[in-house]
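A look at the structure
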Amino acid sequence: MATQTLETNYHGATLRLEFEKSSGARLMINGLVRQERRAEENQALVLRLTSTVQTGYEWHEFIEGIVDYSQEKIQATLVANNTEIARESFERQ
């Protein structure tokens, strides 16, 4: 499915945001798909995918993957508890 990826390690968990140039994305944590979304074609859109991950004995983090599609580029961002932990821009063509 994915043509591009944004990946980071966060408190021992591997967070991976995979996305297509045509507006489909999935959020993976430690190799498991946590959420997957597609959008209708020809829409200017932002896909938000969310999950939680346990990073300590009783500590849970809220993880969000954001894929912002514009005409020319795709902005991918990973966020943990409202703090940006990774961001990258990709050409859409």
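No experiment lies behind these values; they were computed from the predicted model shown. (Residues numbered from 1 in each chain as written. Predicted model: local features only at pLDDT ≥ 70, side-chain atom pairs only at ≥ 80, totals over all residues. Heavy atoms only, no water.)

**Observations concerning the sheet that holds strand β1 (residues 4–10)**
Spatial ordering of the open sheet is given by β1-β2-β3-β4, a layout of four strands whose pairing is antiparallel. Each end of this open sheet is capped by a strand with a single partner; those strands are β1 and β4 (32–38). Pairs of neighbouring strands in the sheet enclose a mean axial angle of 15°, with direction left out of account. In this structure, β1 lies alongside strand β2 (residues 13–19), joined through seven bridges in antiparallel fashion. Its bridge partner being in β2, Leu-6 is matched across the sheet by Leu-17. (Pairing = 2+ DSSP bridges. Helix = DSSP H or I, 4+ residues; strand = E, 2+ residues; numbered from the N terminus. Axes fitted to C-alpha atoms, helices over the stretch in contact; angles between N-to-C directions.)

**Structural notes on the nonpolar core**
By size, the foremost hydrophobic cluster in this structure holds 22 residues, and its most contacted members are Leu-17, Phe-19, Ile-63 and Val-67. When residues of this core are traced back to their parent elements, those giving at least two are β1, β2, β3 (24–29), β5 (45–54), β6 (60–69), β7 (73–80) and β8 (83–91). (Core = buried A, V, L, I, M, F, W, Y, C linked by side-chain atoms within 4.5 Å. Buried < 20%, exposed > 50% of the residue type's maximum accessible area, 1.4 Å probe, protein only.)

**A word on the packing of aromatic side chains**
Aromatic ring pairs are described here by two measures, namely the spacing of the ring centres and the angle between the planes. In the structure shown here, the tally under the stated rule is one aromatic pair. Here Phe-19 and Phe-90 contribute two aromatic rings whose centre-to-centre distance is 5.1 Å and whose plane-to-plane angle is 70°, an arrangement assigned as edge-to-face. Residue Phe-19 is located in strand β2, and its partner Phe-90 is located in strand β8; the two are separated by 71 residues in the primary sequence. One exposure class covers both Phe-19 and Phe-90, and it is buried. (Phe/Tyr/Trp six-rings, centres within 6.5 Å; stacked < 30°, edge-to-face > 60°.)

**Here's the deal with the pairing of β8**
Each regular strand displays side chains that alternate between the two surfaces of the sheet. Here β7 pairs with β8 via eight bridges, running antiparallel. Bridge pairing in β8 links Gln-75 to Ser-89. Taken together, β7 and the strand that follows it, β8, pair antiparallel across an intervening segment of two residues, in which Asn-81 is found at a positive phi of about 50°.

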